[in-house]
Amino acid sequence: MKKIFTLLLICVLLITTCTGCQLALPEESTAGDELIGMYVTTEDLRDFDNIDIDLFGNISMEQSNEGKIYGTFDEKTDTLTFPDITGYPLFLKTEYDKDNAPYHSIITDASEANYFVNVSDTNLDNIEISGTFYYDVNKVASSFICHEPEEEYEQMEGITRTTQEIEDGTIEYVYTTPGEEVTVYCNSLYKTPTDEFYIIPEAGFYLDDNQSQSCSSEAKVTSGKNKKTINLKVTAHFKEMIPMDTVTFTQMDENGQALQEDSYCADTIPESYAISSECQYVFVTNTDTKGNTQYDIINKDEDGYSVYFSTEHIFCQQVGIEITHK
């Protein structure tokens, strides 16, 4: 995992006022394991030892090993891994400077991340972090319910139509796009006082556009003789996206004449793109995987540009390109 200034997927956002915001006092401690975020997967990690059904049909289930799955966090690369599990983290990391002052940052595979802290008084901190995960709309089935046949959907390639009758006898028309029904699991992520990381598997939900999942906790922090309560809320947002197929950069001079044109796909996209001294702006042509075309402008004083490509998984990859000058 890498940080946001590399223009890749990993977002590390430090809250600053002037030169920096110290979010807690040195030599703080908390008792017990702390909820620090979530670990998003598309597989159900729950493993039940005991499933009991009583005489009334009530079901009780107990997860094995208290539901805990332990992983490894590499401090040098900010990489969190769990054995044989593909997942996407979103959590709060605490680091310490040379004066032993703690600072918070976000580690995530989300394409966008946000941090908010509200210090209401000396004894209470409210911290919220969130991340947005963009998924490939081509790979995930979406359903649209209409009360009568919809011509727009009828003409869409690959879409299927079924009907269903509701209680009042009304017929509804359900249009489903190609793709698989994907279930997302936002598993709670914890850190122990001895710096061990583990997740508690959670129930999932069917992935659809503009969905969110949150978890929260309250931690008691002791600093010397002072005690403070820190409330943490973590939210994952999921939004659909049509990834790009190709991106074309056309360098333009002050008269609007093309100086140079370069086209790239996911396999050939460079880490940096150099523009000439005569270039006043770069005209960008983005063609997505459905054949739609979008246009953009990179001004000569900009230092980066981002584009989303499809991956082998459902989530899109945000690729950052550094803009340099010859």
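What you see is a predicted model; the values in this text were computed from it and never measured.

Enquirer: Explain the environment of Tyr175 residue by residue, including any values.
Expert: Within the secondary structure, Tyr175 is located in strand E13 (residues 171-176). When its relative accessible area of 1% is taken as the criterion, Tyr175 is described as buried. Setting aside residues no more than four positions away along its own chain, Tyr175 makes contact with Ser142, Ser143, Phe144, Cys146, Pro149, Glu150, Tyr153, Glu154, Ile159, Thr160 and Arg161. A distance of 2.7 Å separates polar atoms of two side chains, one belonging to Tyr175 and the other to Glu154.

Enquirer: So what's going on with the environment of Pro83? Residues and values would help.
Expert: Turning to its location among the elements, Pro83 is positioned in the loop between strand E6 (79-81) and strand E7 (88-96). On the basis of relative accessibility, which here comes to 56%, the residue Pro83 falls in the exposed class. With 14 residues separating them in the primary sequence, Pro83 and Ile69 have C-alpha atoms 8.8 Å apart.

Enquirer: Pulling in residues and values, what's your account of the side chain of Asp136?
Expert: Note on placement: Asp136 falls in strand E10 (residues 124-136). Buried within the structure, Asp136 lacks any salt-bridge partner; its nearest side chain of opposite charge belongs to Lys139, at an N-O separation of 4.4 Å. The residues touching Asp136, leaving out its near neighbours within four places in the chain, are Met241, Pro243, Ser310, Ile314 and Cys316.

Enquirer: Provide a residue-level description of the pattern of salt bridges, including the pertinent values.
Expert: Scanning the entire structure with this criterion turns up five salt bridges. Taking the shortest distance from any N to any O, the salt bridge between Asp195 and Lys191 comes out at 3.4 Å. Residue classification places Asp195 among the exposed positions, given a relative accessible area of 52%. A relative accessible area of 21% places Lys191 in the partly exposed class. Members of the salt-bridge network, linked through shared partners, are Glu75, Asp78 and Lys93.

Enquirer: Describe the pairing of E13, listing the residues and the values that go with them.
Expert: Summarising the sheet, strand E11 (residues 143-146) and E13 pair through four bridges and their orientation is antiparallel. Paired with Cys146 across the bridge in E13 is Tyr173. In this structure, strand E12 (residues 160-165) lies alongside E13, joined through six bridges in antiparallel fashion. Bridge pairing in E13 places Thr162 opposite Val174. Between E12 and the antiparallel strand that follows it, E13, lie five residues; Gly169 among them carries a positive phi value of about 90°.

Enquirer: Which residues make up the environment of Val282, and what values go with them?
Expert: Along the chain, Val282 turns up in strand E22 (residues 281-288). The residues touching Val282, leaving out its near neighbours within four places in the chain, are Phe249, Thr250, Gln251, Ile275, Asp296, Ile297 and Ile298.

Enquirer: So what's going on with the packing of aromatic side chains? Which residues, and what values?
Expert: Summed over all chains, the structure comprises 19 aromatic pairs. Ring centres of Tyr134 and Tyr308 lie 5.3 Å apart, and the angle between their planes is 65°; this geometry places the pair in the edge-to-face category. With Tyr134 in strand E10 and Tyr308 in strand E24 (residues 304-309), this pair connects stretches of sequence that are 174 residues apart. The class of Tyr134 is buried, set by a relative accessible area of 11%. The exposure class of Tyr308 is buried, given its relative accessible area of 14%. A ring pair is formed by Tyr264 and Tyr273, whose centres lie 6.3 Å apart and whose planes are at 85°; its orientation type is edge-to-face. In terms of burial, Tyr264 and Tyr273 fall into one category: buried. Three or more aromatic residues joined by ring pairs make a cluster, and in this case those are Tyr88, Phe133, Phe205, Phe238 and Phe315. Here the basic side chain of Lys68 rests over the ring of Tyr198, its NZ or CZ set 4.8 Å away from the ring centre.

Parameters at a glance
Residues numbered from 1 in each chain as written. Predicted model: local features only at pLDDT ≥ 70, side-chain atom pairs only at ≥ 80, totals over all residues. Heavy atoms only, no water. Helix = DSSP H or I, 4+ residues; strand = E, 2+ residues; numbered from the N terminus. Buried < 20%, exposed > 50% of the residue type's maximum accessible area, 1.4 Å probe, protein only. Contact = heavy atoms within 4.5 Å. Polar contact = N/O pair within 3.5 Å; in protein donor to acceptor, adjacent residues only side chain to side chain. Lys, Arg positive; Asp, Glu negative; His and termini not counted. Salt bridge = Lys/Arg side-chain N within 4 Å of Asp/Glu carboxyl O. Pairing = 2+ DSSP bridges. Phe/Tyr/Trp six-rings, centres within 6.5 Å; stacked < 30°, edge-to-face > 60°. Lys NZ or Arg CZ within 6 Å of the ring centre and 35° of its normal.

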